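Residue-level listing of the chains:
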Amino acid sequence: MGYRGRHPSKFQYVQYIAGSLAYLMLHQLDAVGLVVHDTRVRHLIPPRANSKHLLNLLHTLERTEPGGETSMAPLWHELAGQLPRRGMVIILSDCFDQLPGLVRALRHFRHRRHEVILFHVLAPEELEFPFKRRTQFRNLEARGHRLLVDPHRLRQTYLENFQAFCRDLRARAGEMQIDYHLLRTDEPVDRALGIYLTKRQSRR
Amino acid sequence: MTFGFLNALMLIGLAAVAIPPVVHLLTRRRYDVVDWGAMQFLQVSESTRRRLLIEEILLMLLRMGLIAVMVLGLAAPYAVHPALATLGRQPNRDVVLVFDGSDSMGFAGGSRTPHEAAQAWATAFIDRLAAGDRVAVL
């Protein structure tokens, strides 16, 4: 999530979104919790509804830094078991993991009767792959993992793989009645907020 | 069979064939660096990787080949051999056609008279002459 192109890093982007959503939710008198994780859970704030809670959440968001290699599927799966009450789970992630594991974790959330909104946060460079010159891609999440490629020739393969992944994820989420939304970091943040508010409205 | 180069000194230019590999080696050091998150989608299968490598090598050989062909052309290769005679430009010739004008050429025994046969042959022969050849008819 630390990838930064010409726009805010994905991590910064979700910081904004998470903070704004927390504000909106507390304004609607919903209890809001927060989980931040990389290789393991870094912060877990249980849902509360009071006004000081917002400060706590924002403070935590501010302090967090993007972390190491993440296999998010097992973590999500475990979290699904730990959340005490039925509620709305909003996931902000680039979902760069193996699809079967992700689907299993998402299914676990649904099994526990949570409503799930999956915000798939991606950078425009990841969606379009505009690299032209020879580039060494260094894995942000695993130091030492590097690939030196000529992007011109790789672009086709990359786009096929990437788009297939996004399509599959969207399809599997749809099958489980999970709201899937693709957010680009060059889009204004309020798009995500609008989506949340619409979903909230439809529940009433 | 003898062959050689009219402009043999030009062959020194064959050293230029080394230019594409040298350029490749020099620019290999230079690349952009990107800290990237979506590594899993950059993985290509072994067969694709091999295909890309073969294409790169072929392109390199093509570039070297083009330079070599150009240098060899400038060096003006030649070959001397009887079998190659028909390939080159024939020198112009002067041709004299002598027609027998005696009465025996009017013999009407076959499908046509010898005179007519001679005319047909001569016409065909003249058609086969190259531009620049000269013909006289007696």
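This one's a predicted model, so the numbers in the text were calculated from it and none came from an experiment. (Residues numbered from 1 in each chain as written. Chains lettered and ligands numbered in written order. Predicted model: local features only at pLDDT ≥ 70, side-chain atom pairs only at ≥ 80, totals over all residues. Heavy atoms only, no water.)

**Quick notes on the overall build of chain B**
At step 1: Counting secondary structure elements, chain B contains three helices and five strands.
At step 2: In summary, chain B has a C-alpha radius of gyration of 32 Å against a globular reference of 14 Å for 138 residues, an excess of more than 25%.
At step 3: Its C-alpha atoms give chain B principal-axis dimensions of about 100 × 40 × 25 Å.
At step 4: Within chain B, buried positions represent 18% of all 138 residues.
At step 5: Across chain B, contacts joining residues at least 24 apart in sequence account for 82% of those joining residues at least 6 apart.
At step 6: When the 12 basic and 11 acidic side-chain charges of chain B are each reduced to a single mean position, those positions are 13 Å apart. (Helix = DSSP H or I, 4+ residues; strand = E, 2+ residues; numbered from the N terminus. Rg over C-alpha atoms; globule rule 2.2 N^0.38 Å. Buried < 20%, exposed > 50% of the residue type's maximum accessible area, 1.4 Å probe, protein only. Contact = heavy atoms within 4.5 Å. Lys, Arg positive; Asp, Glu negative; His and termini not counted. Charge placed at Lys NZ, Arg CZ, Asp CG, Glu CD.)

**Some remarks on the confidence of the model for chain B**
Residue and element names in this part refer to chain B.
At step 1: Averaged over every residue, the pLDDT of chain B is 83; residues scoring 70 or more account for 97%.
At step 2: Per-element averaging of pLDDT across chain B places strand β1 (residues 2–5) at the bottom with 79 and helix α2 (residues 46–74) at the top with 88.
At step 3: As a predicted assembly, this complex carries a pTM of 0.73 together with an ipTM value of 0.77. (pLDDT = per-residue confidence, 0-100.)

**Re the interface of chain A and chain B**
At step 1: Of the residues lining the interface, 27 residues belong to chain A; the matching set on chain B comes to 21 residues.
At step 2: Carbon and sulfur atoms supply 63% of the area that chain A and chain B bury against each other, a total of about 2500 Å² over both sides.
At step 3: When residues of chain A are sorted by the area they lose upon contact with chain B, R134, R138 and R153 of chain A head the list and together hold 24% of the total.
At step 4: Among the salt bridges present, the one from D32 of chain B reaches R133 of chain A, with a minimum N-O distance of 3.0 Å.
At step 5: Where the side of chain A that touches chain B is concerned, the elements lending two or more residues are α5 (124–128), β5 (135–139), β6 (146–149) and α6 (151–175) of chain A.
At step 6: Among the residues making up the side of chain A that touches chain B, the classes are represented as 12 nonpolar, seven polar and eight charged.
At step 7: For β5 of chain A and strand β2 (residues 32–36) of chain B, the ladder comprises five bridges, and the chain directions are parallel. When the sheet's bridge partners are listed, T135 of chain A is paired in β2 of chain B with D32 of chain B. (Buried area = accessible area lost by both parts, 1.4 Å probe. Salt bridge = Lys/Arg side-chain N within 4 Å of Asp/Glu carboxyl O. Nonpolar A, V, L, I, M, F, W, Y, C, P; charged D, E, K, R; others polar. Pairing = 2+ DSSP bridges.)

**Brief notes about the layout of surface pockets**
At step 1: Approximately 870 Å³ is the volume found for the second largest pocket.
At step 2: If you go around the second largest pocket, you meet 25 residues; those closest to its centre are R134, D150 and R153 of chain A together with H24 and E56 of chain B.
At step 3: For the lining of the second largest pocket, the secondary structure elements donating two or more residues are β6 and α6 of chain A together with α1 (19–27) and α2 of chain B.
At step 4: Of the residues forming the lining of the second largest pocket, the biggest block, eight residues, is contributed by α2 of chain B. (1 Å grid on protein atoms, 1.4 Å probe; cavity = no way out; pocket = protein on both sides within 12 Å on 5 of 7 lines; lining within 4 Å. Points joined across faces, edges and corners; volume = space filled by probe spheres on them.)

**Some remarks on the nonpolar core**
Across soluble globular proteins, nonpolar side chains have a tendency to be buried as a group.
At step 1: Within the largest apolar cluster, 46 residues are counted, with the highest numbers of intra-cluster contacts made by W76, F137 and Y158 of chain A together with W36 and L42 of chain B.
At step 2: A total of eight residues in this core trace back to one element, the largest contributor, which is α6 of chain A.
At step 3: Look past the residues within four positions of Y158 of chain A in its chain and what remains in contact with it is E126 and F129 of chain A together with W36, A38, F41 and L42 of chain B. (Core = buried A, V, L, I, M, F, W, Y, C linked by side-chain atoms within 4.5 Å.)

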